[in-house]
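Structural overview
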4 protein chains.
Amino acid sequence: MREIIFLVQRADAKGLLADIAGFFYDRGFNILDCRQHTDSYAGRYFMRIALDMNDLSTSRNALENDFTGFADERDLEWTVRYSDHIRKVALLVSKTSHCLYDILLKRQEEELHCETPVIISNHPDLEFVAEQFEIPFHCLPVNSESKPEQEAAVLELLLRHHIELVVLARYMRILSPNFLRRFGNPIINIHHAFLPAFQGANPYKRAYERGVKLIGATAHYVTDELDEGPIIEQDVERVSHRHSPEDLKRIGREIERRVLSKALQAHLEHRVIVDSNKTVVFD
Amino acid sequence: MREIIFLVQRADAKGLLADIAGFFYDRGFNILDCRQHTDSYAGRYFMRIALDMNDLSTSRNALENDFTGFADERDLEWTVRYSDHIRKVALLVSKTSHCLYDILLKRQEEELHCETPVIISNHPDLEFVAEQFEIPFHCLPVNSESKPEQEAAVLELLLRHHIELVVLARYMRILSPNFLRRFGNPIINIHHAFLPAFQGANPYKRAYERGVKLIGATAHYVTDELDEGPIIEQDVERVSHRHSPEDLKRIGREIERRVLSKALQAHLEHRVIVDSNKTVVFD
Amino acid sequence: MREIIFLVQRADAKGLLADIAGFFYDRGFNILDCRQHTDSYAGRYFMRIALDMNDLSTSRNALENDFTGFADERDLEWTVRYSDHIRKVALLVSKTSHCLYDILLKRQEEELHCETPVIISNHPDLEFVAEQFEIPFHCLPVNSESKPEQEAAVLELLLRHHIELVVLARYMRILSPNFLRRFGNPIINIHHAFLPAFQGANPYKRAYERGVKLIGATAHYVTDELDEGPIIEQDVERVSHRHSPEDLKRIGREIERRVLSKALQAHLEHRVIVDSNKTVVFD
Amino acid sequence: MREIIFLVQRADAKGLLADIAGFFYDRGFNILDCRQHTDSYAGRYFMRIALDMNDLSTSRNALENDFTGFADERDLEWTVRYSDHIRKVALLVSKTSHCLYDILLKRQEEELHCETPVIISNHPDLEFVAEQFEIPFHCLPVNSESKPEQEAAVLELLLRHHIELVVLARYMRILSPNFLRRFGNPIINIHHAFLPAFQGANPYKRAYERGVKLIGATAHYVTDELDEGPIIEQDVERVSHRHSPEDLKRIGREIERRVLSKALQAHLEHRVIVDSNKTVVFD
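**Re the overall build of chain A**
Helix and strand content of chain A: 8 helices and 13 strands. Relative to its length of 283 residues, chain A is compact, with a C-alpha radius of gyration of 21 Å against a globular reference of 19 Å. Projected onto its principal axes, the C-alpha positions of chain A cover 60 × 40 × 35 Å. Buried residues in chain A amount to 43% of all 283 residues. Sequence separation of at least 24 residues holds for 67% of the intrachain contacts in chain A that already meet a minimum separation of 6.

Put into structure tokens, the structure is as follows:
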């Protein structure tokens, strides 16, 4: 089923559902699915509304212009997505393959609806994976001195491939605020700990030393603040004194790939609304 | 916040959301929350719509008559609930106290919004719990011969206390189809296994013998078919070869009380729609 | 089955199992259960060995003296427990009842093997619970000025009742290092967050503000460092944008009581060995 | 660390630990790890003992002969494994790739210690996966008439490759009792349901129709009785009314691969003892 999906938010007010549903109903749209959330603590309203694309009797531009007028009168923040637009996703990796494989396999199984036109790494180790799936691979090594040039080269690749989303699938370098600003599109990172615990480096080693009984992983949008961006998905697994730091890494890999692919799926299905530093993830 | 909650279902069709939302919007209601589900496999549409009771400008009867006309034209099946109507719930128990305590404590903490005017048991063992919480307790022993008389006595108590929901909080007798028909209101049971595995008696012993690695519990509405009614909630816990049948019982108690109170809460919050032998539980 | 349980640890070395097992075998003991753990990262060896008390042909003192000699030659750190010694546990609470009830109910069900001769609180709110279970209740209010006197009064009660373990069942005051030193016995606390995330006050509010997708609880031994003591047990539950700070508190209560009673059970069953700031919890 | 691992079981008796540990201690072995389990309900004793292979001063044959004498006197059932013996595992598949990929990737990451010299399928669909990992692939189609010949061909491949374990990684045909007897070595199957619920065909469809709130998967040793063999590992995921049968399949794939690889890992690490129709899985 081809769908048009609107994601809407604003300060909470009376009558928003009937009002917005009415807009689409009046234009002949069948509402396939509508999810709402009112955060009464923060006083904000969120909506995801999915329409049948077959009901679109105008151009997409005309629909968007029409809705712009409607939304402006009501101070709605909104985005629209068309399910037949397959987004181009760049995968940035370093040396570990588990998240990369998981995304490539789920794309191959058509669980993740996206294209992956390019894989970029600061190390050559995972070129063989790119070859297994016949995807262009670019190795762009980086150190603290070469970082500006390397980021410029990464950016050039992203632009050349018309990348709309970057997934940091265990890319172990921090992207500069300048890079984030110039790229402009969303970036999803997988952090190998249950944030806000163990922000920063070596979380599994620190988890081992603290003697925690669960370890976790967190997928979040990247912002200028390290490991502080809006959380999309988290999960944990039980561990015990039996597990060495290496065991925690191994168990963590399973969590990381599961969490990252769930977050990516939610993003690709237009189920995520970001509100300041938090997310609404419709399920 | 006092709410009016409509639960609606029908065969799926175009425009139901805008249509129903419009009905309430036209009558001056703010829609506090609206959840829908379309089962595209079964072709059915489900809706839970919560209105601000302060917007009610007519009597409840008038609202219901008004909606009856609207619903009849559209073949809607529906019920309406008012959050200021606190339902009367009878607790039926046998000898084990964990589910009984859990419900009484959650009611005391105001997590469960209901009254519990009567506790009925086929054994005297739990009278002390009823006394701790100052609730009338009736011991009505039963054997296969006395079952019709005992059920008649139970029914009489339910009617006398205007009971609208019965919770079988580990009541270890099967209620007769005749009893179910005469009572007419919903009955929630907790089965101490992950249905449809281990239907019937002694599920923990059978789980032990089969060597399963997880055990569970299931809360469901009671129907004429034993352990076959619509499932409201289920959960499991990990077990291992280390656990004896007694350990499974102990671990199971935690699952049972958690599952039963979640199911009861969903029911009391009007979040459950039954469709033939399945439930839609809005969360 | 009455058991004698030895908990042993030392730097790892060859032959410890056969050596220690041999000690007891030579003295006619049947080893009912023996669990070991080698932390090869830290180079430490841990053992829990359970003996049949019926095989004890000497006095307990004689056994302990005998083992002392054996252990000293091998630099073993060890403790011994006798399962027929039922420990006396004081419960310290403030205003919320869920953890208190859970412990009292599990004791009543004989899932927790301990006595609870006294409940102490800095507020009068939970006296009714103590009355339901006919346990002496002492209300000892405290503010920053009266803290030394209050702690002295608490200590006096603990000594008078021969308390061997204190459980802080949502006691919302920090105990002073002086109190800890003078009491000398273990104290278990339940922290209402997944440590090390959200140490300190108001963890649920901070979890809401950070937009985490799981919330948790942590049971740990109390040390001078706030929320930094050895972790015994942790668990989490999934939450979402739907949940208000109040919902997180409610969901958290279930986690807290489950985590605290698991930790308490492990302690009472002599399954916990503390090694610097971590625990080995045999399951 | 190279290890020698003994798995031992017998009727429970006094002194087994000290006796067996003594056997190895007397022959100069350091016991790296020893796990035991007493099933007091069934009256059976189980042990896994791991020795340092560097301590082996005789041939393996001599050790085994020595232990045979010791074991015969005590009626021990036992097996021995050497960690430097990498077992050869055949993967049988049909059309779905997720379990196959998971095993191949974990082998590549050295999480699973085995060789996979051959992949056999009754369909050609997954040949491309075998090619990605450069493993010989044999397509042996089968129907009810050709089954004896096909099974003979499968068996011939297993023998030619000296296969010691078969993993049915979503192989959708039932192996005949004759095949099982002639192969003689263990076979691990992944069943796409939480056994004993939904034995047999189409479990996800039946789970959907029953309206269960959790779905699961079960890894078990194959026996003559369909889906009745000893369970090694199980797990579940939460589902709801939202999920179509196709969603259940997709969610199930994640569970299946996780459960199967955990079971395979336990088997390869010699942590599983089978006792009649149950398993002891040391963790």
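**Some remarks on the relation of the copies chain C and chain A**
Its rotation angle being 180°, the transformation that places chain C on chain A also includes 0.0 Å of axial translation and leaves an RMSD of 0.0 Å. Those values place the two copies in the arrangement expected of a two-fold rotation axis. The rotation axis passes nearest to the C-alpha of Ala-197 of chain C in chain C, at a distance of 2.2 Å. Both copies present the same face, since 100% of the interface residues in chain C are matched by interface residues at the equivalent positions in chain A.

**Quick look at helix α7 (residues 203-210) of chain D**
Residue and element names in this part refer to chain D. For α7, the complete set of buried residues consists of Pro-203, Tyr-204, Ala-207 and Tyr-208. Considered in projection along α7, the buried side chains sweep an arc of 140° and stay on one side of the axis. The inward-facing, buried residues of α7 contact β10 (214-221) and α8 (245-268). Gly-211, located one to two residues past α7, shows a positive phi value of around 70°.

**A short note on the relation of the copies chain D and chain A**
Of the transformation placing chain D onto chain A, the axial shift is 0.0 Å and the rotation is 180°, giving an RMSD of 0.0 Å. Looking at the interface residues of chain D, 100% of them are also at the interface in chain A, so both copies use one shared face.

**Considering the interface of chain D and chain A**
In this assembly, 7 residues from chain D lie in contact with 7 residues from chain A. Within the residue set of the side of chain D that touches chain A, elements represented by two or more residues are α3 (98-108) and α8 of chain D. Take the side of chain D that touches chain A: its biggest share by element is 3 residues, from α8 of chain D. The residue makeup of the side of chain D that touches chain A, split by class, is 2 nonpolar, 1 polar and 4 charged.

**Describing the interface of chain C and chain A**
Taken together, the contact pairs 26 residues of chain C with 27 residues of chain A. Those elements that place two or more of their residues in the side of chain C that touches chain A are β11 (231-238) and β13 (278-281) of chain C. Tallied by class, the residues present in the side of chain C that touches chain A amount to 12 nonpolar, 9 polar and 5 charged.

**Topic: the domain arrangement of chain A**
Quite often, the size of an interface is put as the accessible area lost when its parts meet. All names here are of chain A. Considered domain by domain, chain A is made up of domain 1 (3-82) and domain 2 (88-281). Computed from C-alpha coordinates alone, the two centres of domain 1 and domain 2 are separated by 31 Å. At the interface, 8 residues of domain 1 touch 5 residues of domain 2. Those elements giving two or more residues to the side of domain 1 that touches domain 2 turn out to be β1 (3-11) and β3 (44-52). Its residues placed into classes, the side of domain 1 that touches domain 2 shows 3 nonpolar, 2 polar and 3 charged.

**Regarding the packing of helix α3 (residues 98-108) of chain C against helix α8 (residues 245-268) of chain C**
Residue and element names in this part refer to chain C. With their axes 9 Å apart at the nearest point, α3 and α8 run at an angle of 45° to one another. Here α3 is positioned oblique relative to α8, judged by the angle of their axes. When you trace α3 past α8, the crossing you get is right-handed. Facing α3, whose interface residues are His-98, Cys-99, Asp-102, Ile-103 and Lys-106, α8 presents Arg-253, Glu-256, Arg-257, Leu-260, Ser-261 and Leu-264.

**Let's talk about the sheet that holds β3 of chain A**
All names here are of chain A. Read from one edge of the open sheet, 4 strands run β2-β3-β1-β4, paired in antiparallel fashion. In this open sheet, the two strands that pair with only one neighbour each are β2 (31-39) and β4 (77-82). Recorded for the sheet is a direction-independent mean angle of 10° between the axes of neighbouring strands. Here 6 bridges tie β1 to β4, and the two strands are oriented antiparallel to one another.

**Notes on the packing of helix α1 (residues 16-26) of chain C against helix α1 (residues 16-26) of chain D**
Following both chains from N to C, one finds α1 of chain C and α1 of chain D inclined at 135°, their axes separated by 9 Å at the closest point. As the angle between them shows, α1 of chain C and α1 of chain D are arranged oblique. Crossing hand, α1 of chain C versus α1 of chain D: left-handed. Contacts between α1 of chain C and α1 of chain D pair Leu-17, Ala-18, Ala-21, Gly-22 and Tyr-25 of chain C from the former with Leu-17, Ala-18, Ala-21, Gly-22 and Tyr-25 of chain D from the latter. In terms of residue class, the contact of α1 of chain C with α1 of chain D is built from 8 nonpolar, 2 polar and no charged.

**Focus on the confidence of the model for chain A**
Segments scoring low in pLDDT should not have their predicted coordinates read at a detailed level. In this model, chain A carries an average pLDDT of 95, and 100% of its residues clear a pLDDT of 70 or more. Across the interfaces of the predicted complex, the ipTM metric reaches 0.93, alongside a pTM of 0.95.

**What to know about the environment of Asn-143 of chain B**
All names here are of chain B. Within the element layout of this structure, Asn-143 appears in the loop between β7 (137-139) and α5 (147-160). Residue Asn-143 is classed as exposed on the basis of its C-beta count, with 9 C-beta atoms lying within 10 Å. Between the alpha carbons of Asn-143 and Arg-173 there is a distance of 9.3 Å; along the sequence they are 30 residues apart.

**Structural notes on the environment of Glu-164 of chain C**
All names here are of chain C. With respect to the helices and strands, the residue Glu-164 is situated in the loop between α5 (147-160) and β8 (165-168). Under the C-beta neighbour-count criterion, Glu-164 is labelled partly exposed, with 16 such atoms within 10 Å. Separated by 76 residues in sequence, Glu-164 and Lys-88 have C-alpha atoms that sit 5.6 Å apart. Not counting residues within four places of it along the chain, the set of residues in contact with Glu-164 comprises Arg-87, Lys-88 and Asn-185.

**Overview of α8 of chain D**
Residues and elements named next belong to chain D. Between its first and last C-alpha atoms α8 spans 34 Å; for 24 residues at 1.5 Å apiece the expected length is 34 Å, and the two agree. The largest bend in α8 amounts to roughly 25° and is located at Gly-252. Residue His-270 follows α8 closely and has a positive phi angle near 55°.

**A few points about the pairing of strand β1 (residues 3-11) of chain C**
Sheet topology note: the β1 of chain C/strand β3 (residues 44-52) of chain C ladder contains 9 bridges and is antiparallel. Note that in β3 of chain C the partner of Ile-5 of chain C across the bridge is Ala-50 of chain C.

**Some words on the nonpolar core**
Counting residues in each nonpolar core, the largest one holds 328 residues, and the members touching the most others are Ala-169 of chain A, Ala-169 of chain B, Ala-169 of chain C together with Ala-169 of chain D. When residues no more than four places from it in sequence are discounted, the contact partners of Ala-169 of chain D are Leu-91, Leu-92, Val-93, Cys-99, Leu-100, Ile-103, Ile-190 and Leu-260 of chain D.

**Quick word on the sheet that holds strand β11 (residues 231-238) of chain A**
Residues and elements named next belong to chain A. If you trace the 7 strands from one edge of the open sheet to the other, you get β7-β6-β5-β8-β9-β10-β11, paired in mixed fashion. The sheet is open, and its two edges are formed by β7 (137-139) and β11, each paired on a single side. Neighbour-to-neighbour, the strand axes of this sheet turn through a mean angle of 15°, independent of strand direction. By the bridge criterion, 7 bridges tie strand β10 (residues 214-221) to β11 in an arrangement that is antiparallel. The residue bridging Ala-219 from the neighbouring strand is Glu-233, located in β11. The sheet contacts of helix α5 (residues 147-160) involve β5 (88-93), β6 (115-121), β7 and β8 (165-168), and relative to β6 the element is tilted by about 170°.

The rules behind these values
- Residues numbered from 1 in each chain as written.
- Chains lettered and ligands numbered in written order.
- Predicted model: local features only at pLDDT ≥ 70, side-chain atom pairs only at ≥ 80, totals over all residues.
- Helix = DSSP H or I, 4+ residues; strand = E, 2+ residues; numbered from the N terminus.
- Rg over C-alpha atoms; globule rule 2.2 N^0.38 Å.
- Buried ≥ 20, exposed ≤ 12 C-beta atoms within 10 Å, placed from the backbone.
- Contact = placed C-beta atoms within 7 Å.
- Least-squares fit on C-alpha atoms with pLDDT ≥ 70 in both.
- Arc of directions from axis to C-beta.
- Nonpolar A, V, L, I, M, F, W, Y, C, P; charged D, E, K, R; others polar.
- Domains from an automatic or database assignment.
- Axes fitted to C-alpha atoms, helices over the stretch in contact; angles between N-to-C directions.
- Parallel < 35°, antiparallel > 145°, perpendicular 65-115°, else oblique.
- Left-handed = near helix turned anticlockwise from the far one by under 90°.
- Pairing = 2+ DSSP bridges.
- pLDDT = per-residue confidence, 0-100.
- Expected span 1.5 Å × (residues − 1).
- Bend = angle between axes of the 7 residues up to and from the residue.
- Core = buried A, V, L, I, M, F, W, Y, C linked by C-beta atoms within 7 Å.

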